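Observations on chain architecture
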Amino acid sequence: GIQVEQSPPDLILQEGANSTLRCNFSDSVNNLQWFHQNPWGQLINLFYIPSGTKQNGRLSATTVATERYSLLYISSSQTTDSGVYFCAALNYGGSQGNLIFGKGTKLSVKP
Amino acid sequence: GAGVSQSPSNKVTEKGKDVELRCDPISGHTALYWYRQSLGQGLEFLIYFQGNSAPDKSGLPSDRFSAERTGGSVSTLTIQRTQQEDSAVYLCASSLGGGGGRADTQYFGPGTRLTVL
């Protein structure tokens with residue numbers, strides 16, 4: 001099945017800094033999502049982005065499907081951005097429900 | 001409802017007992033998913049329901065695990081004869097389903113933290 005790898009595994013930022021999180025996937029995808037899991041465990045969907053670029057406030061994401069990677073950009077980071085960021089993908093021909101999650105990037109934003 | 005809800009939020013049980021976890025999806029969502037997350041790990045797919053189609057059970061780790069979805073809405077995940085390795089957070093998600101695009105965006109509930117002693 002498809003493999004999803006995220007980097008870096010851990011990231012510590014000073015408030016106000018920018019960051020880029022990367023997600024590599026091993027096969028063609030028809031579904032790619034970014035999630036933020038807050039320190040209380042709640043998973044929030046950030047982007048549905050199998051290709052192209054989207055922006056939502058201080059967050060933006062770009063997926064280059066032909067090169068099998070996606071990037072999540074966080075600008076002017078805030079302490080509330082802390083948590084774990086997951087990338088999840090579904091490849092063509094796979095079960096439509098079987099989203100494969102990466103191991104996540106744990107982000108800590110210091111005041 | 002406003003979001004996906006799950007109950008109970010926490011469950012502590014003794015090894016060998018059966019447990020039932022409940023998920024109420026977002027109203028109108030035809031697709032429902034169960035995942036589990038072990039401590040410090042990513043999410044592991046368990047089972048997927050789409051409308052009236054046969055569920056995709058390919059992620060269930062053993063025959064002690066089963067799930068039902070009644071009336072196309074509420075789902076129950078049952079774990080029989082629980083083992084300590086079943087301890088995890090069990091997460092439910094729902095989506096509009098039926099195709100690509102925003103329909104496939106999954107919205108997660110708060111999870112049920114299961115502890116098997």
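Figured I'd write up the structure that's included with this text. (Residues numbered from 1 in each chain as written. Chains lettered and ligands numbered in written order. Predicted model: local features only at pLDDT ≥ 70, side-chain atom pairs only at ≥ 80, totals over all residues. Heavy atoms only, no water.)

**Considerations on the layout of surface pockets**
Test applied: Of the two site types, the cavity is a set of points on a 1 Å grid over the protein atoms alone where a 1.4 Å probe fits but cannot get out, and the pocket is an open set with protein on both sides within 12 Å along at least five of seven lines, each lined by residues with an atom within 4 Å of a point. Grid points are joined across faces, edges and corners, and a volume is the space filled by probe spheres set on the points. A run of H or I in DSSP becomes a helix once it reaches four residues, and a run of E becomes a strand once it reaches two; helices and strands are each numbered from the N terminus. Basically, the charged four are Asp, Glu, Lys and Arg, the nonpolar ten are Ala, Val, Leu, Ile, Met, Phe, Trp, Tyr, Cys and Pro, and anything else, Gly included, counts as polar.
The space that makes up the largest pocket amounts to roughly 720 Å³. For the largest pocket, the lining is made up of 33 residues, of which Q37(A), G41(A), Q37(B), G40(B) and R113(B) are closest to its centre. Residue assignment for the lining of the largest pocket shows that the elements contributing at least two residues are β9 (83–91) and β11 (105–110) of chain A together with β8 (88–95) and β10 (112–116) of chain B. Class assignment of the residues belonging to the lining of the largest pocket gives a composition of 11 nonpolar, 19 polar and three charged.

**Some details on unusual backbone geometry**
For the bond running from S7(A) to P8(A), omega is -10 degrees, close enough to zero to count as cis. Omega for the peptide link from S7(B) to P8(B) comes to -10 degrees, which places this bond in the cis form. Secondary-structure assignment places P8(B) in the loop between β1 (5–7) and β2 (10–13). We note that R68(A) has phi near 60 degrees; this positive angle belongs to a residue other than glycine.

**Some points on the pattern of salt bridges**
Put simply, the rule is: One speaks of a salt bridge when a side-chain nitrogen belonging to Lys or Arg is within 4 Å of a carboxyl oxygen belonging to Asp or Glu. Exposure classes here rest on a 1.4 Å probe applied to the protein chains alone. A residue is buried below 20% of its type maximum, exposed above 50%, and partly exposed in between.
Applying the stated criterion across every chain, the model contains five salt bridges over all chains. Note that D81(A) is salt-bridged to R58(A), the shortest N-O span being 2.8 Å. Pair noted here: D81(A) is in the loop between β8 (69–74) and β9 and R58(A) is in the loop between β6 (52–56) and β7 (59–64), with a separation of 23 residues, a long-range link. D81(A) gets classed as buried once you look at its relative accessible area, which sits at 7%. R58(A) gets classed as partly exposed once you look at its relative accessible area, which sits at 27%. Ionic pairing is found between R36(B) and E44(B), a salt bridge with its closest N-O pair at 2.8 Å.

Everything listed here is a matter of coordinates, which is why it stays silent on function.
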